[in-house]
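# Commentary on secondary and tertiary structure
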Amino acid sequence: MRREIVVPPSGMHRTGDSVGRSTQRPPKPAFRTTKTSQKLKILPEDEEGGPSTDVDDYLGLTGVYDQIEHMRGAQDLRNEITRLKNLPMGSLPRVTAYATASSYTMTLLFKWIQSRKDQNDTAPKLLDECIYSPFVYGPSEAITINMDEVLIDDDRQHAEFSETYIPIKSEIFIFDYGVIVIWGMDERHEREFLQELEPFEVEKIDEDDIEMEELEFYINPNAQSRIYNDVISLRTTKGHMAKLAISHAIAQATKLSLYEGLVDETIEATRHIPQRMAESGTVEMTRKGLIRKIGQLFIMRVNVNLVSNILDTPEIFWSEPTLQPLYAAIREYLEIPQRVEIMNHRVSVISDLLDMLNGHLNGMHGEFLEWIVIILIGVEIIIGVVTITVEAAKLSY
């Protein structure tokens, strides 16, 4: 299907927060600035000239990467995304990640996906720590566009561009640390799939605490692949390895958001403790309550150490080095390195509080022992005085 579209001026476009977003979920704080600001990231080239994979089709241009040329064209790329934002809601296919559990039973999950071949056109593959498969509930479409400079008016008040809808298969990437990334599935089918996924979840996360990332994508075969304002531009829909690299970064960012929220909640729940210590000179908690709080803080620190392992570079990029730059570029766009640094700093605050509470607990224990010794000494003195008094009384008779 091909048609011409007239787009209103760029100032009228919807914000990134409103495009394809669910209205049923309460808003959560944005842990990355690219959720609320507009940032353009050109996806890198394969500079090593190694064996060709389908990632070359995604990255597009060949030869030396001309940074200056892309800088000159950055505004045109932003204008293109801005025009796409004016399409009716749901026009762009979704890229959605959900952190739903601590982990999945991957072996059973793989067999279940295999069993859905006839029903959902599945063809699962195990790619290191990830299960990939098409998973089709119904027909899906992606937009492919062709821009022509002659179609853009000189006054820039409106623009015209040709738009073609091409059929695509929705795809899933399931990661063993409890995150799933879904490409090209509408929200209703996403919810249906998440319900079917529940039997394979280990330590399921409460529905209100589920973290998610929502992006969109479209196809532009004539331009460098890029991501801007949470919209990914790809050169082709063929193959899955480039999507795997992108999905790895999105899944890690989603898991990171979960722990960022937990760290923030922990700091908020314990910030009164040092305040009360400053006011009263003591921790107004029972020994049992203090031990429970120390246990909670210790579990938080252990969990953050575990998520740090999850955020390491996946091993698959050792066997697929051409995917590494693409993965790194998406990580940078999602601000994972900066967010990890900030989270580690906040965890250090929790660790300092944990050390302080441990010291206070040891002090309480030492004080308790001192009182026992004092009481024993007092009892011994009383017994001695009584004994001496009795002996003196006997001698007087």
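Everything in this summary refers to the structure shown in the same document. (Residues numbered from 1 in each chain as written. Predicted model: local features only at pLDDT ≥ 70, side-chain atom pairs only at ≥ 80, totals over all residues. Heavy atoms only, no water.)

### Quick notes on the overall build of the chain
How we decide: Think of it this way: any DSSP run of H or I at least four residues long counts as a helix, any run of E at least two long counts as a strand, and we number them from the N terminus. The buried label goes to any residue with under 20% of its type's maximum accessible area, the exposed label to any with over 50%, and the partly exposed label to all in between, with areas taken from a 1.4 Å probe on protein chains only. Every accessible area reported is derived by Shrake-Rupley at a probe size of 1.4 Å, with residue values counting cover from the shown protein chains alone.
What the chain contains, in helices and strands, is 12 helices and 14 strands. Going through the 397 residues of the chain one by one, you find that 46% of them count as buried. A total accessible area of about 20900 Å² is found for the chain, and carbon and sulfur atoms account for 56% of it.

### Some points on a negative patch on the surface
For clarity, the cut-off: Note that patches include only residues with greater than 30% relative accessible area and no salt bridge, and the join distances are 9 Å for like charges and 5 Å for nonpolar side chains (Val, Leu, Ile, Met, Phe, Trp, Tyr). Salt bridges are defined by distance alone: a side-chain nitrogen of Lys or Arg within 4 Å of a carboxyl oxygen of Asp or Glu. This count recognises Lys and Arg as positive and Asp and Glu as negative, with His and chain-terminal groups excluded. One atom stands in for each charge, and that atom is NZ of Lys, CZ of Arg, CG of Asp or CD of Glu.
Among the surface-exposed residues, Asp 206, Glu 207, Asp 208, Asp 209 and Glu 265 lie close enough to one another that they form a single negatively charged patch. Considering the arrangement of structural elements, one finds Asp 209 in the loop between strand E11 (201-204) and strand E12 (211-219). Its relative accessible area of 37% is what places Asp 209 among the partly exposed residues.

### Here we look at the environment of Leu 258
Mapped onto the elements of the fold, Leu 258 is located in helix H7 (residues 241-270). Distance from Leu 258 to Val 307, taken between C-alpha atoms, is 9.8 Å for residues 49 residues apart in sequence.

### Looking at the nonpolar core
Under the convention used in this document: For the purposes of this section, nonpolar cores are sets of buried Ala, Val, Leu, Ile, Met, Phe, Trp, Tyr and Cys residues that join through side-chain atoms within 4.5 Å. Whether two residues are in contact is decided by their heavy atoms: any pair within 4.5 Å suffices.
In terms of nonpolar packing, the biggest core is built from 58 residues, with Trp 183 and Phe 217 touching the most fellow members. Residues contacting Phe 217, with those up to four places away along its chain left out, are Leu 92, Pro 93, Arg 94, Val 95, Ala 142, Ile 168, Trp 183, Gly 184, Ile 232 and Leu 234. Formed by 24 residues, the second largest nonpolar core is a distinct cluster that contains Phe 135, Ile 172, Phe 193 and Ile 210.

### A closer look at the packing of aromatic side chains
We apply this condition: Centres within 6.5 Å are what make two rings of Phe, Tyr or Trp a pair, Trp counting through its six-membered ring; a difference in plane orientation under 30 degrees is then read as stacked, over 60 as edge-to-face, and the rest as tilted.
For the coordinates displayed, the defined rule picks out 9 aromatic pairs. Judged by centre distance (5.7 Å) and plane angle (25 degrees), the ring pair of Phe 175 and Tyr 177 falls under stacked. For the pair Phe 175 and Tyr 177, one class covers both residues: buried. Through successive ring pairs, a cluster of aromatic residues spans Trp 112, Phe 135, Tyr 137, Phe 193 and Phe 200.

### Looking at unusual backbone geometry
Notably, Asp 128 is not glycine yet its phi reads approximately 60 degrees, a positive angle. Assignment of secondary structure puts Asp 128 in the loop between strand E5 (125-127) and strand E6 (130-134).

### Some words on the environment of Arg 235
Which entries qualify depends on this criterion: The term polar contact refers here to a pair of N or O atoms within 3.5 Å; inside protein, the definition further demands a hydrogen-donor-capable atom paired with an acceptor-capable atom, and it admits residues adjacent in sequence only when both atoms are side-chain atoms.
Tracing the backbone through its elements, the reader meets Arg 235 in the loop between strand E14 (231-234) and H7. Measuring from C-alpha to C-alpha, the distance between Arg 235 and Thr 144 comes to 8.9 Å, with 91 residues separating the pair along the chain. Here Pro 221 takes part through its backbone oxygen, which lies 2.7 Å from a polar atom of the side chain of Arg 235.

### Quick word on the packing of H7 against helix H11 (residues 324-333)
Geometrically, a packed helix pair is captured by the angle between its two axes and the distance between the axes. Under the convention used in this document: Axis lines are fitted to C-alpha atoms, over the contacting stretch for helices. Their N-to-C directions set the angle, which ranges from 0 to 180 degrees. Crossing handedness is defined as follows: a turn of the near helix away from the far one that is anticlockwise and smaller than a right angle gives a left-handed crossing, while the clockwise case is right-handed.
Their axes nearest at 8 Å, the elements H7 and H11 cross at an angle of 35 degrees. You can see that H7 and H11 cross each other, and the crossing is right-handed. Facing Ala 242, Ala 245, Ile 246, His 248, Ala 249, Ile 250 and Gln 252 of H7, the residues of H11 in contact are Leu 326, Tyr 327, Ile 330 and Arg 331.

### Overview of the pattern of salt bridges
Here the structure, examined in full by the defined rule, presents 9 salt bridges. With a closest N to O distance of 2.8 Å, Glu 190 and Arg 94 form a salt bridge. Taken together, the residues span a long stretch of sequence, with Glu 190 in helix H6 (residues 187-197) and Arg 94 in strand E3 (residues 94-99) at a distance of 96 residues. Both residues of the pair, Glu 190 and Arg 94, belong to the buried class. For the salt bridge of Lys 204 with Glu 198, the shortest nitrogen-to-oxygen distance reads 3.8 Å. Residue class for Lys 204 comes out partly exposed when judged on its relative accessible area of 44%. Relative accessible area serves as the criterion here: at 39%, Glu 198 is assigned to the partly exposed category.

### Here we look at the pairing of strand E9 (residues 171-175)
Quick reminder of the rule: We call two strands paired when DSSP finds no fewer than two bridges between them.
With 5 of 5 residues buried, E9 lies mostly within the body of the structure. Residues Glu 171, Phe 173 and Phe 175 line one face of E9 and the alternating positions Ile 172 and Ile 174 line the opposite face, and both faces are buried. Pairing geometry for E6 and E9, over 5 bridges, is antiparallel. Counted as the bridge partner of Cys 130 is Phe 175 from E9. Where E9 and strand E10 (residues 179-183) come together, 5 bridges link them in antiparallel fashion. In the strand pairing of E10, Phe 175 is matched with Val 179.

### Some points on helix H4 (residues 106-115)
Keep this limit in mind: Throughout, the arc means that of the directions going from the helix axis to the C-beta atoms.
Within H4 the residues assigned to the buried category are Met 106, Leu 109, Phe 110, Trp 112 and Ile 113. With its buried residues spanning 165 degrees around the axis, H4 presents them on a single face. Opposite its buried face, H4 presents the exposed residues Thr 107, Leu 108, Lys 111 and Ser 115, each directed more than 90 degrees away. As for H4, its buried residues are in contact with strand E4 (101-104), helix H5 (117-120), E5, E6, E9 and H6.

### Examining a nonpolar patch on the surface
A grouping of Trp 371, Ile 374, Ile 375, Val 379 and Ile 383 is seen on the molecular surface, where their side chains present a nonpolar patch of about 510 Å² in accessible area. In this fold, Ile 374 is placed in helix H12 (residues 336-396).

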